[in-house]
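# Structure assessment
The residues making up each chain are set out below.
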Amino acid sequence: MADGRVPVVWSDAHVHHAPTSQAISGVNHPHPEVPARPRVVFEALVAADVADVTPADTVVDAVIDRVHARAYREFVREACESLATDEQIIPEGVSTDPAVLMSDRWATRASFFAFGTDAPLMPETYTAARSAVDVATTGARLVGPNAPHVFALCRPPGHHAEYDRMGGFCYFNNAVIAAMELLPAGRVAILDVDYHHGNGTQHLTYDRDDILYVSLHADPQFAYPGFSGSKAERGIDAGEGFNHNFPLPPRTAIDVYEAVLIEACRRIADFSPARLVVSVGFDTHADDPIAMFALASGDFARVASPIAGLSIPTLHVLEGGYALERLGESADSYVGSLV
């Protein structure tokens with residue numbers, strides 16, 4: 001980064017995955033996870049001259065299948081391929097009964113592979129989720145001593161995706177897939193600074209001692225996903241003590257957030273990882289339409305600073321952030337503190 005730029009991995013293969021609405025308590029609302037999200041970030045970083053644009057390379061399915069159940073990945077692919085233009089599948093609730101897989105209705109079968117109804121399947125959803133994995137893994141291959149910070153502009157996001165369940169706009173867990181790519185270099189830490197707890201990332205790493213998961217997020221007592229993210233969740237078996245959650249109250253502003261982040265970074269430093277993956281969510285912004293924190297666009301420089309201070313080769317993976325008019329300036333503030 002001697003030239004003051006960060007490699008930014010980019011693909012526009014996701015653009016035709018464009019959910020238009022989501023049901024909340026039976027009421028349809030405009031869907032916030034729109035195709036413009038990564039492009040707004042991309043264009044802002046290019047305009048600020050801090051991006052070395054890098055196209056994504058395609059990886060083999062086995063890279064996904066070592067993190068997610070193959071049956072799950074194949075279900076997503078087959079379901080999307082079955083759809084005509086403008087059709088979509090919304091899971092009919094949530095089911096753990098494998099008998100639903102015998103249904104002749106895709107929406108019923110989808111209930112077995114979902115923990116909610118907020119990750120619809122459309123004709124291009126598999127292609128989009130697959131391209132997000134390509135972006136993340138390309139970034140993982142780039143990060144190292146010669147590229148200490150790399151930004152992977154993934155869409156759709158991934159940190160809610162569990163082993164065999166989609167939800168929270170997520171299908172494949174880009175951050176964990178990237179972490180698995182990085183493990184040959186040594187232990188990996190994942191720092192999640194998205195507004196929502198990354199239940200999927202926790203789920204996939206909860207029994208591991210070679211991947212540390214540290215998350216700052218809205219307290220699940222009032223925020224999505226609601227069923228994970230408490231301080232008491234510290235890992236199981238070999239992973240006990242390698243999971244650290246920092247739930248925060250509504251309207252958290254930068255002074256409190258930064259203080260907690262510094263403590264989170266101390267936990268990472270104590271773990272002494274060879275590589276770091278950051279799940280970057282700009283939905284901590286005060287203007288985000290589906291969140292309740294109080295960060296301003298310029299505050300993201302203060303989010304990036306302690307992360308950069310760790311001096312660990314770091315892959316930054318885009319997760320949430322739904323205030324389009326604030327995304328570019330927030331990303332510029334964040335990346336500007338890395339170079």
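## Considerations on the overall build of the protein chain
A tally of helices and strands in the protein chain yields ten helices and ten strands. Taking 20 Å as the expected radius of gyration for a compact globule of 339 residues, we find that the protein chain reaches 18 Å, a close match to that expectation. C-alpha atoms of the protein chain, sized along the principal axes, occupy 55 × 45 × 40 Å. Restricting to contacts in the protein chain with at least 6 residues of sequence separation, those with at least 24 account for 78%. One way to put it: in the protein chain the 23 positive side-chain charges average out to a point 3 Å from where the 44 negative ones average out.

## Considerations on the nonpolar core
The biggest cluster of nonpolar side chains holds 52 residues, and the ones touching the most others in it are Tyr-72, Phe-75, Leu-121, Met-166, Phe-172 and Val-277. One finds Val-41, Leu-153, Ile-268 and Ala-304 within the second-largest nonpolar core, a separate group that totals 48 residues.

## What about the state of the cysteines?
Evaluated as defined, the whole model comprises zero disulfides. In this structure Cys-154 is not part of a disulfide, and its nearest cysteine sulfur, from Cys-170, lies 11 Å away.

## A few points about the environment of Ala-18
Relative to the helices and strands, Ala-18 is located in the loop between strand S1 (6-10) and strand S2 (21-24). Looking at Ala-18, the relative accessible area reads 26%, which means it is partly exposed. For the pair Ala-18 and Ala-36, spaced 18 residues apart in sequence, the C-alpha separation works out to 9.5 Å. In contact with Ala-18, other than residues within four places in its own chain, are Pro-35, Met-122 and Arg-155.

## Here's the deal with the sheet that holds strand S7 (residues 211-218)
The sheet built from eight strands is open, its strands ordered S4-S1-S5-S10-S9-S6-S7-S8 with parallel pairing. Of all the strands in the sheet, the pair left with one neighbour each is strand S4 (51-55) and strand S8 (243-248). Sheet twist, expressed as the mean angle between neighbouring strand axes with direction ignored, is 20°. Pairing geometry for S1 and S4, over five bridges, is parallel. Bridged to Val-6 within S4 is Ala-51. Packed on one face of the sheet, helix H5 (residues 125-142) meets S1, S4, strand S5 (149-152) and strand S10 (314-318) and runs near 155° to S1.

## Regarding unusual backbone geometry
What you tend to see is this: most non-glycine residues have negative phi, and most peptide bonds are trans. In this chain, Arg-155 is followed by Pro-156 through a cis amide linkage whose omega measures 0°. Within the secondary structure, Pro-156 is located in the loop between S5 and helix H6 (174-182). With an omega of 5°, the peptide bond between Tyr-224 and Pro-225 qualifies as cis. Relative to the helices and strands, Pro-225 resides in the loop between S7 and S8. A positive phi is found at Asp-237, a non-glycine position, where the angle reads about 50°.

## Structural notes on the packing of aromatic side chains
Applying the stated criterion to the full structure yields 15 aromatic pairs. Ring geometry for Tyr-126 and Phe-172: centres 6.1 Å apart, planes at 90°, overall edge-to-face. With Tyr-126 in helix H5 and Phe-172 in the loop between S5 and H6, the pair connects residues that are 46 residues apart, well separated along the chain. Comparing Tyr-126 with Phe-172 shows no difference in burial state: the two are buried. Between Tyr-195 and Phe-293, the aromatic rings sit 4.8 Å apart at their centres with planes inclined by 75°, giving edge-to-face as the arrangement. Placement of the pair is Tyr-195 in the loop between strand S6 (188-192) and helix H7 (199-205) and Phe-293 in the loop between strand S9 (275-280) and helix H9 (300-308), with a sequence separation of 98 residues. Tyr-195 gets classed as buried once you look at its relative accessible area, which sits at 2%.

## Section: the pattern of salt bridges
Using the criterion set out here, one finds 22 salt bridges in the structure. Where Asp-61 meets Arg-73, a salt bridge forms, and the shortest distance between an N and an O atom there is 3.4 Å. You can see Asp-61 sitting in helix H2 (residues 61-65) and its partner Arg-73 sitting in helix H3 (residues 70-81), a full twelve residues away along the chain. Given a relative accessible area of 4%, Arg-73 falls into the buried group. Here the residues in one salt-bridge network are Asp-61, Asp-65, Arg-73, Arg-130 and Asp-134, joined through shared partners.

## Quick notes on the pairing of S5
Every regular strand shows the same layout, with side chains that alternate between the two sheet faces. What you see with S5 is no split at all: His-149 and Phe-151 on one side and Val-150 and Ala-152 on the other are buried throughout. Note: S1 against S5, two bridges, orientation parallel. Across the sheet, residue Val-8 finds its bridge partner in S5, namely Phe-151. For S5 and S10, the ladder comprises four bridges, and the chain directions are parallel.

About the criteria used
Residues numbered from 1 in each chain as written. Predicted model: local features only at pLDDT ≥ 70, side-chain atom pairs only at ≥ 80, totals over all residues. Heavy atoms only, no water. Helix = DSSP H or I, 4+ residues; strand = E, 2+ residues; numbered from the N terminus. Rg over C-alpha atoms; globule rule 2.2 N^0.38 Å. Contact = heavy atoms within 4.5 Å. Lys, Arg positive; Asp, Glu negative; His and termini not counted. Charge placed at Lys NZ, Arg CZ, Asp CG, Glu CD. Core = buried A, V, L, I, M, F, W, Y, C linked by side-chain atoms within 4.5 Å. Buried < 20%, exposed > 50% of the residue type's maximum accessible area, 1.4 Å probe, protein only. Disulfide = S-S within 2.5 Å. Pairing = 2+ DSSP bridges. Axes fitted to C-alpha atoms, helices over the stretch in contact; angles between N-to-C directions. Phe/Tyr/Trp six-rings, centres within 6.5 Å; stacked < 30°, edge-to-face > 60°. Salt bridge = Lys/Arg side-chain N within 4 Å of Asp/Glu carboxyl O.

It is worth stressing that arrangement in space is one thing and function is another; only the former is reported here.
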